[in-house]
Amino acid sequence: MNSTTAPASPAVRIIGIVLTVLLGVPFLLFSWMALSSRFGWSDSDPHGYALIFGSLFAIALAIPLTVTVPLILPRGRRATAGIVSAAAFLVIAVGLFAALLTA
């Protein structure tokens, strides 16, 4: 078997799934908190703390999430998944910083 068709060990994929869930759920919650504070209809965050800390915590969680998401896929697709994951991280980080700086 060559490395592009060899399946990843089940332990690596299970660890990748667990870490992705453990990092992904808080990431989504912090992102939602920041973006709803920025684009929400009500003024429930008058000082902007939810926007500030939500953006910072979401980006801090997105960094390890970028590394763990490719572990879910087979070994041959991890490089492509890593590139896509890194590109998605850059888009999300720029979007959150833009929401933070334009508030």
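All of the points below concern the structure found in this document. (Residues numbered from 1 in each chain as written. Predicted model: local features only at pLDDT ≥ 70, side-chain atom pairs only at ≥ 80, totals over all residues. Heavy atoms only, no water.)

**Description of the packing of helix 1 (residues 10-39) against helix 3 (residues 78-101)**
For the pair helix 1 and helix 3, the least separation of the axes is 11 Å and the interaxial angle reads 20°. Taken together, helix 1 and helix 3 sit at an angle that is classed as roughly parallel. In the crossing of helix 1 with helix 3, the sense of the turn from one axis to the other is left-handed. Residues Val 12, Phe 27, Ser 31, Ala 34, Leu 35, Arg 38 and Phe 39 of helix 1 lie in contact with helix 3, whose contacting residues are Arg 78, Ile 92, Leu 96 and Ala 99. Residue composition of the contact of helix 1 with helix 3, grouped by class: 8 nonpolar, 1 polar and 2 charged. (Axes fitted to C-alpha atoms, helices over the stretch in contact; angles between N-to-C directions. Helix = DSSP H or I, 4+ residues; strand = E, 2+ residues; numbered from the N terminus. Parallel < 35°, antiparallel > 145°, perpendicular 65-115°, else oblique. Left-handed = near helix turned anticlockwise from the far one by under 90°. Contact = heavy atoms within 4.5 Å. Nonpolar A, V, L, I, M, F, W, Y, C, P; charged D, E, K, R; others polar.)

**A few points about the packing of aromatic side chains**
Under the counting rule described, the total for this entry stands at 3 aromatic pairs. On the basis of an interplanar angle of 55° and a centroid distance of 5.2 Å, the ring pair of Phe 30 and Phe 57 is categorised as tilted. Taken together, the residues Phe 30 in helix 1 and Phe 57 in helix 2 (residues 49-68) connect sequence positions 27 residues apart. In this structure Phe 57 comes out as partly exposed when scored by relative accessible area, which is 42%. Three or more aromatic residues joined by ring pairs form one cluster here, namely Phe 30, Tyr 49, Phe 53 and Phe 57. (Phe/Tyr/Trp six-rings, centres within 6.5 Å; stacked < 30°, edge-to-face > 60°. Buried < 20%, exposed > 50% of the residue type's maximum accessible area, 1.4 Å probe, protein only.)

**Some points on helix 1**
Across its 30 residues, helix 1 extends 41 Å between first and last C-alpha, which sits within 8% of the 44 Å expected from 1.5 Å per residue. For helix 1, every residue scored as buried is listed here: Gly 16, Thr 20, Leu 23, Gly 24, Phe 27, Ser 31 and Ala 34. Buried residues along helix 1 sit against helix 2 and helix 3. (Expected span 1.5 Å × (residues − 1).)

**Structural notes on the packing of helix 2 against helix 3**
The relative placement of two packed helices comes down to the angle between their axes together with the axis-to-axis distance. Between helix 2 and helix 3, whose axes approach to 10 Å, the crossing angle comes to 170°. Our classification of the angle between helix 2 and helix 3 gives roughly antiparallel. Two secondary-structure elements touch here, helix 2 through Leu 51, Ile 52, Ser 55, Ala 58, Ile 59, Ala 62, Ile 63, Leu 65 and Thr 66 and helix 3 through Ser 85, Ala 86, Phe 89, Ala 93, Leu 96, Phe 97, Ala 99 and Leu 100. Considered class by class, the residues forming the contact of helix 2 with helix 3 number 14 nonpolar, 3 polar and no charged.

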